[in-house]
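Overview (structure and organization)
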Amino acid sequence: MPLAPVRPYRQVPFHVISEQCEARELRSTHQSKWGRFPAMRWLAAVFLALLASGCGSDEPGARPMPDGSVASCSGLADLARTDRYLELSSDGVVRNYYVYVPASYQPTQATPLVLSFHGLSSNASQQRLLDGLTALASDFGFIVVHPEGTGAAQSWNAGECCGEAQMSGIDDVRFVDELLDQLSTELCIDASRIYSTGMSNGGFMSYRLACELGDRIAAIAPVAGGVAVQPCLPGRPIPVLHFHGTADTLVPYLGLPAMGLPPVTELVESWAASNDCNRDPTTTYDTGDATCISYEGCQADATTTLCTIETGGHTWPGSDLALPFGKTSEDIAATEEIWRFFSMHSLP
């Protein structure tokens, strides 16, 4: 069943302290922050080994598709070890984005891609610092793209939210669709493994992509976001991993019912119902201030998970960049859990 409509919601601006961002140095693309998590080291080794072996395919690095064919490319330049800031004209507007391609990338091998959207009043470079996905991409061999929003205080049109993008009617879904088309002309992207995550307004944008671009987005992982699309009709079951702090004062955990924003628990429960999951969730993570519950047994294996951070603020759990909007959990690393979740799902 479709998700309940969401009425207009005004989001408080998501400011990131520039001095904090400038003070924090980006890691080398060959250096990983995930060494303190043995399970992730093991998973990285297995994942890259499978990529290298082609999972048993006769073609090195190729990935078997559901119909038995092989996902591969030809005639593309080798863009491994590149980190570029590019532009694209969409709907008459010049748009920009970062695209990071890991050293393990092979131009003949279909490679997963992760989109990461910044929050309201933030930007792509700050989101890169916040989510740390480029370091993880280096370990696990996926492409990561950080797009820029629009406006003086950059934002995304996520439906009923947010900022100048929403008020100006910017077609950000079209932009993402065209962005994926452009990227596919020069990179060997696995069309069945394109994912979206984002912070705050970027989390709302990820939900909108699930609602309206579900034929291209395999799974989403919003952080401190919500649904602001009316109606939201994904067209198929879409896996969701949602992170949210109970002390978030910008996008409240208990919602803003008068403004159409339901409590986070109700949002995730509704999404699980639309995915035809088991009615009762199971606890899949419980450490310190972080607890995750998962609705499983879903149609098309579209697991729906909510990770709640007790007394957590409007922050990215596990990030080295502490935002000035409350507590940042150190008991769960959202970035690595997001990739763990994504790696288990692909388009049917």
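Report follows, based on the coordinates. (Residues numbered from 1 in each chain as written. Predicted model: local features only at pLDDT ≥ 70, side-chain atom pairs only at ≥ 80, totals over all residues. Heavy atoms only, no water.)

1. Overview of the overall build of the chain
Check the secondary structure of the chain and you find nine helices and twelve strands. Within the chain, the fraction of its 348 residues that count as buried is 57%. In the form shown here, the chain has an accessible surface area of approximately 13,800 Å², with 52% of it arising from carbon and sulfur atoms. (Helix = DSSP H or I, 4+ residues; strand = E, 2+ residues; numbered from the N terminus. Buried < 20%, exposed > 50% of the residue type's maximum accessible area, 1.4 Å probe, protein only. Areas by Shrake-Rupley, 256 points an atom, 1.4 Å probe, with all protein chains shown as cover.)

2. Topic: the nonpolar core
Looking at soluble globular proteins, one finds that nonpolar side chains tend to be buried together. Within the largest apolar cluster, 40 residues are counted, with the highest numbers of intra-cluster contacts made by Leu113, Leu115, Val145, Val176, Leu183, Leu187 and Trp271. Those elements that place two or more of their residues in this core are strand S4 (93-101), strand S5 (111-117), strand S6 (143-147), helix H6 (172-186), strand S7 (189-199), helix H7 (201-212) and helix H8 (264-274). In terms of residue count, the dominant contributor to this core is H6 (six residues). When residues no more than four places from it in sequence are discounted, the contact partners of Val145 are Tyr97, Tyr98, Val99, Leu113, Val114, Leu115, Ser116, Leu179 and Leu183. (Core = buried A, V, L, I, M, F, W, Y, C linked by side-chain atoms within 4.5 Å. Contact = heavy atoms within 4.5 Å.)

3. Regarding the state of the cysteines
Following the criterion strictly, the structure yields five disulfides and no others. With a sulfur-sulfur separation of 1.3 Å, Cys161 is cross-linked through a disulfide to Cys162. Residues Cys161 and Cys162 agree in their burial class; the two are buried. Covalent S-S linkage joins Cys211 and Cys232, the inter-sulfur distance amounting to 2.0 Å. Its torsion about the S-S bond being -95°, the disulfide of Cys211 and Cys232 is classed as left-handed. (Disulfide = S-S within 2.5 Å.)

4. What about the packing of H6 against H7?
Helix packing for two helices is described by the angle between their axes and how far apart those axes are. The interhelical angle for the contact between H6 and H7, taken along N-to-C directions, is 75°, at an axis separation of 10 Å. When the axes of H6 and H7 are compared, the pair comes out roughly perpendicular. Contacts between H6 and H7 involve Asp172, Val173 and Val176 from the former and Met205, Arg208, Leu209 and Glu212 from the latter. (Axes fitted to C-alpha atoms, helices over the stretch in contact; angles between N-to-C directions. Parallel < 35°, antiparallel > 145°, perpendicular 65-115°, else oblique.)

5. Description of the pattern of salt bridges
Applying the stated criterion across every chain yields a total of eleven salt bridges. Between Asp91 and Arg174 there is a salt bridge, and its shortest N-O distance comes to 3.1 Å. A residue pair is termed long-range when its members are at least 10 positions apart, and Asp91 in the loop between strand S3 (82-90) and S4 and Arg174 in helix H6 qualify at 83 residues. Using a relative accessible area of 37% as the deciding quantity, one classes Arg174 as partly exposed. Linking Arg193 and Asp190 is a salt bridge whose minimum nitrogen-to-oxygen distance equals 2.7 Å. Take Arg193: its relative accessible area is 8%, and that puts it in the buried class. (Salt bridge = Lys/Arg side-chain N within 4 Å of Asp/Glu carboxyl O.)

6. Some words on empty space enclosed by the protein
Scanning the model with the defined rule gives three cavities of 30 Å³ or more in all. Considered as a void within the structure, the largest cavity measures approximately 50 Å³ in volume. Every residue lining the largest cavity is listed: Val223, Ala224, Phe243, His244, Gly245, Ile309, Gly312, Gly313, Thr315 and Pro317. It is strand S9 (residues 240-245) that contributes the most residues to the lining of the largest cavity, three residues altogether. When the residues that make up the lining of the largest cavity are grouped by side-chain class, the tally is five nonpolar, five polar and no charged. (1 Å grid on protein atoms, 1.4 Å probe; cavity = no way out; pocket = protein on both sides within 12 Å on 5 of 7 lines; lining within 4 Å. Points joined across faces, edges and corners; volume = space filled by probe spheres on them. Nonpolar A, V, L, I, M, F, W, Y, C, P; charged D, E, K, R; others polar.)

7. Considering the packing of aromatic side chains
Evaluation of the coordinates by the stated rule reveals eight aromatic pairs. Centre to centre, the rings of Tyr85 and Tyr98 are 4.5 Å apart; their planes meet at 50°, and the pair counts as tilted. With Tyr85 in strand S3 and Tyr98 in strand S4, the pair connects residues that are 13 residues apart, well separated along the chain. Judged by its relative accessible area of 41%, Tyr85 is partly exposed. (Phe/Tyr/Trp six-rings, centres within 6.5 Å; stacked < 30°, edge-to-face > 60°.)

8. Considering the pairing of S4
When S3 meets S4, the two strands line up antiparallel, connected through nine bridges. The residue of S4 that forms the bridge with Asp83 is Tyr100. Hairpin connection, S3 to S4: the antiparallel pair is bridged by two residues, and Asp91 has positive phi, about 55°. Here four bridges tie S4 to S6, and the two strands are oriented antiparallel to one another. Bridge pairing in S6 places Tyr97 opposite Pro147. (Pairing = 2+ DSSP bridges.)

9. Things to note about the sheet that holds strand S11 (residues 290-295)
With respect to topology, ten strands assemble into an open sheet ordered S3-S4-S6-S5-S7-S8-S9-S12-S11-S10, the strand pairing being mixed. This sheet does not close on itself; its edge strands, each paired only once, are S3 and strand S10 (282-287). Taken pair by pair, the neighbouring strands of this sheet meet at an average axis angle of 20°, ignoring direction. Against the sheet, helix H3 (residues 124-131) contacts S3, S4, S5, S6 and S7, and its axis sits at roughly 135° relative to S6. Each of S3, S4, S5, S6 and S7 is contacted by H6, which is oriented at about 130° to S3, the strand it contacts most.

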